[in-house]
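Structure at a glance
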Amino acid sequence: PILGAILCGIGIGAEVDLMAFFVSRYFGLRSYGKIYATMFAAFTVATAAGPFLAGAIFDRYHTYAPAFLLFEALLVVTCLLLLPLGPYPYPARGRIAAGGARRAVA
């Protein structure tokens, strides 16, 4: 359980950081604060609602299987919503390398 808790913490930490990174890459910086705040609020509400829903479903059906199916379906919907984003419209600024050629920075 301790290793699982550590891995969950790393995953959530990475998820929040990646969300901030992707918002800047896909939507630019003009409305970054508003877009990131909206996404973070949705993330926070979903993080709070997930265990509550799982517990309520377990109390009703005495198994977590319906909760897992619901969460998997929501994950598929989220992936389908993100799929049309395509490549970054705001790529990273390049650096000037030796010889004057620009190269992208990841």
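I will try to describe carefully the structure that is included in this document. (Residues numbered from 1 in each chain as written. Predicted model: local features only at pLDDT ≥ 70, side-chain atom pairs only at ≥ 80, totals over all residues. Heavy atoms only, no water.)

A short note on the overall build of the protein
- In terms of helices and strands, the protein carries 3 helices and 2 strands.
- In the protein, the order of α-helices and β-strands from amino to carboxyl end is α-α-α-β-β.
- By the burial criterion, 12% of the 106 residues in the protein qualify as buried.
- Here the contacts in the protein between residues at least 6 apart in sequence split such that 39% fall between residues at least 24 apart.
- Accessible surface, the protein: about 8400 Å² in total, of which carbon and sulfur atoms supply 73%. (Helix = DSSP H or I, 4+ residues; strand = E, 2+ residues; numbered from the N terminus. Buried < 20%, exposed > 50% of the residue type's maximum accessible area, 1.4 Å probe, protein only. Contact = heavy atoms within 4.5 Å. Areas by Shrake-Rupley, 256 points an atom, 1.4 Å probe, with all protein chains shown as cover.)

Considerations on the packing of helix 2 (residues 32–61) against helix 3 (residues 65–82)
- Packing of helix 2 against helix 3 leaves a shortest axis separation of 8 Å and a crossing angle of 140°. Between helix 2 and helix 3, the contacting residues are Gly50, Leu53, Ala54, Ile57 and Tyr61 on the first element and Pro66, Ala67, Leu70 and Phe71 on the second.
- For the contact of helix 2 with helix 3, the per-class residue count stands at 8 nonpolar, 1 polar and no charged. (Axes fitted to C-alpha atoms, helices over the stretch in contact; angles between N-to-C directions. Nonpolar A, V, L, I, M, F, W, Y, C, P; charged D, E, K, R; others polar.)

Things to note about helix 2
- The terminal C-alpha atoms of helix 2, which comprises 30 residues, lie 42 Å apart, in line with the 44 Å expected from a rise of 1.5 Å per residue.
- On its buried face, helix 2 is in contact with helix 1 (2–27) and helix 3.
- Positive backbone phi, at 60°, marks His62, one or two positions downstream of helix 2. (Expected span 1.5 Å × (residues − 1).)

Describing the packing of aromatic side chains
- Following the criterion strictly, the structure yields 7 aromatic pairs and no others.
- One aromatic cluster in this structure is built from Tyr32, Tyr36, Phe40 and Phe43. (Phe/Tyr/Trp six-rings, centres within 6.5 Å; stacked < 30°, edge-to-face > 60°.)

Some points on unusual backbone geometry
- For His62, which is not a glycine, the phi torsion comes out positive at approximately 60°.
- Turning to its location among the elements, His62 is positioned in the loop between helix 2 and helix 3.

What about the layout of surface pockets?
- By volume, the largest pocket is sized at about 1300 Å³.
- If you go around the largest pocket, you meet 27 residues; those closest to its centre are Glu15, Phe43, Ala46, Leu75 and Thr78.
- Within the residue set of the lining of the largest pocket, elements represented by two or more residues are helix 1, helix 2 and helix 3.
- Broken down by element, the lining of the largest pocket gets its largest block of residues, 10 residues, from helix 2.
- When grouped by side-chain class, the residues that make up the lining of the largest pocket number 23 nonpolar, 3 polar and 1 charged. (1 Å grid on protein atoms, 1.4 Å probe; cavity = no way out; pocket = protein on both sides within 12 Å on 5 of 7 lines; lining within 4 Å. Points joined across faces, edges and corners; volume = space filled by probe spheres on them.)

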